[in-house]
Every structure is written in C-alpha cells, then in structure tokens.
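Observations on the model geometry
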Amino acid sequence: PHESLIQQGIDPHPGPSAPESARVEAINISHLANNWRFISERDATFMGIGEHSLLPHELSLQRSKAMESGWATLGTTLDPELKHNTGGVAGVVKTPRKMCKLTALDPGFRKLLESGRANLLAVGLGLTVPVVVITIYGWTGGRNSETARARTNCLLEAAMRECQAQPDGPCIILGDLN
C-alpha cells in the first residue's frame, strides 16, 4: 500500500501539517496547570491528558486559562480512592474545534467514569462525524502488581465495550496504562 500511494502522488505519511489533518496525542502530564505551557505549545489538534491532578475549582480555572490560549478542556474528577490529588483525565482540543462529554452506554464503563480514570468525549477532528475519544489512566504498578494490572485490563475491556456500544463511527482509546 505504501508504494501504491507514492505511485499515485499521495504522501503516505502527510503528518500534522497536511491540510485538514488532525494530530491526536496522549500525554501523562502529572499536573495540567503546572505544565500548561508545555501542553499549549504542542502541535496537536487533540490531546488526551492522563493525571491532570486538579481539584474541581482548579479545573475550572484551568478551563479559563486554556481558552485564553486557544484551547478548550474537559476533565473528570480526581481518583476518589486516593488521599492526594492524583488521577483525573482530560481532553484538550485546539479551538475552533469542539468537543463535548458523552453519556456512557456500557454500564461497566459508566461506573468507571466516576473513578477519575476515564473520560468519554465526542471530538470534532474535521471528519463528517465526531470521533468518540476515550482517555484512560491505568492503575500505577501494573508491571509488579497483579491487582493493578487486572484493574487496568478491566478498564481497557470496558473502554472497548463502550466503543462498540456507541453509534457506528470512529472511536479512539488512548491514555497512560501505567
């Protein structure tokens, strides 16, 4: 297929600078507000952010700061299991593109949305239909902890079920599996 595209005069890897292209990234930023400059300077259309680490009022302030620099953000709550500010995932899109939160159709995934470990968005990436984007943040220590590994695997399985439950169209699952 690669040589066939070249023979037709089509660049097989147009990259993010191609007209009407979209670049999607997944980043664990550890703290969205503290690292906003790095995020805002990325050459991306959409970023799935793992571990935004912001309390609700901080997330609201970050939303305003993002708008000032040409970005929109939508984030989740922090991980309620932890006693410190960690977890929380967010979507960040370069304006004027739009995104909105979706209602989960899979019951298991709906429950995971409350964990601060998953986000479910519809994102306008220039196609004729919005793209369903699921950003996930897996449990830390999966290499050594069977429990963390199993929980992250369940998160991925639920995300795949959610993609299948959504109306036909593109779906992206991205994030930090830890």
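Per-chain numbering applies: the sequence of each chain, read as written, is numbered from 1 onward. Only residues with pLDDT of at least 70 are given local features in this predicted model, and only at 80 or more are side-chain atom pairs given and counted; all residues enter the totals for whole chains, interfaces and linings. The basis for every side-chain value is the complete set of heavy atoms in the structure, and neither hydrogens nor water enter the calculation.

Points about the overall build of the protein
Tallying secondary structure elements over the protein gives 5 helices and 8 strands in all. Secondary structure elements in the protein, listed N-terminal to C-terminal, are α-β-α-β-α-β-β-β-α-β-β-α-β. Residues classed as buried in the protein amount to 42% of the 178 residues present. Within the protein, contacts between residues separated by at least 24 positions form 56% of all contacts whose residues are at least 6 apart in sequence. Of the roughly 9,900 Å² of accessible surface on the protein, a fraction of 55% belongs to carbon and sulfur atoms. Secondary structure elements are taken from DSSP: a helix is a run of H or I of four residues or more, a strand is a run of E of two residues or more, and numbering for both begins at the N terminus. Exposed residues in this analysis have more than 50% of their type's maximum accessible area, buried residues have under 20%, and partly exposed residues fall in between, with area computed by a 1.4 Å probe over protein chains only. Residue contacts are defined here by distance: any two heavy atoms, one from each residue, within 4.5 Å place the two residues in contact. Under the convention used here, a 1.4 Å probe and the Shrake-Rupley method define accessible areas, while residue burial counts only the protein chains that appear.

Topic: the sheet that holds strand β6 (residues 118-123)
Note on pairing: two strands pair once DSSP finds at least 2 bridges between them. Spatial strand order, β5-β6-β7-β8: 4 strands in an open sheet with mixed pairing. Because the sheet does not close on itself, it has two edges, and the strands there are β5 (99-101) and β8 (171-176). Geometrically, the sheet is characterised by an average inter-axis angle of 30 degrees between neighbouring strands, direction not taken into account. With 6 bridges connecting them, strand β7 (residues 131-137) and β8 associate as parallel partners. Following the sheet pairing, Val-133 is matched in β8 by Ile-172. Under this scheme, a helix contributes an axis fitted over its contacting stretch, all axes are lines through C-alpha atoms, and angles between N-to-C directions fall in the 0 to 180 degree range. In the packing of helix α5 (residues 146-165) onto the sheet, contacts are made with β6, β7 and β8, and the angle to β7 comes to roughly 170 degrees.

Focus: the sheet that holds strand β1 (residues 24-28)
The 4 strands lie next to each other as β1-β2-β4-β3, forming an open sheet whose pairing is mixed. For this open sheet the edge positions go to β1 and β3 (71-75), each flanked by a neighbour on one side alone. Averaged over all adjacent pairs, the angle separating strand axes in this sheet is 20 degrees, with direction ignored. As judged from the 5 bridges shared by β1 and strand β2 (residues 46-50), these two strands associate in the parallel manner.

Thoughts on the state of the cysteines
The disulfide criterion is simple: two cysteine sulfur atoms within 2.5 Å. Taken as a whole, this structure holds 1 disulfide when the rule is applied. Each disulfide pairs two cysteine sulfurs, and for Cys-163 the partner residue is Cys-171, the sulfurs being separated by 1.9 Å. Judged by the sign of its S-S torsion, about -55 degrees, the cystine formed by Cys-163 and Cys-171 is left-handed. Residue classification places Cys-171 among the partly exposed positions, given a relative accessible area of 29%.

Topic: the environment of Asn-153
Tracing the sequence through the fold places Asn-153 in helix α5. Remark: the alpha-carbon pair of Asn-153 and Gly-138, spanning 15 residues in sequence, is separated by 8.4 Å.

A short note on the pairing of strand β4 (residues 89-94)
The element β4 is extensively covered by neighbouring structure, given that 5 of its 6 residues are classed as buried. Pairing of β2 with β4 involves 5 bridges; the strand directions are antiparallel. Within β4, the residue paired with Gly-48 across the bridge is Gly-91. Both β3 and β4 contribute to a ladder of 5 bridges, which runs antiparallel. From the neighbouring strand, Gly-75 faces β4, where its bridge partner is Ala-90.

Regarding the side chain of Thr-135
Here Thr-135 shows up in strand β7. Relative accessible area serves as the criterion here: at 0%, Thr-135 is assigned to the buried category. Once residues lying within four places of it in the same chain are set aside, the contact partners of Thr-135 are Phe-46, Gly-48, Ile-49, Val-89, Ala-90, Arg-117, Ala-118, Asn-119 and Leu-174.

Comments concerning the pattern of salt bridges
Definition used for salt bridges: Asp or Glu carboxyl oxygen within 4 Å of a side-chain nitrogen of Lys or Arg. On inspection of all chains with the given rule, the structure shows 7 salt bridges. Of the charged contacts, one joins Glu-25 and Arg-23 as a salt bridge, the two residues approaching to 2.9 Å between their closest N and O atoms. Here Arg-23 falls in the partly exposed class, since its relative accessible area comes to 32%. Here Arg-117 ties to Asp-79 by a salt bridge, and the two come within 2.8 Å at their closest N and O atoms.

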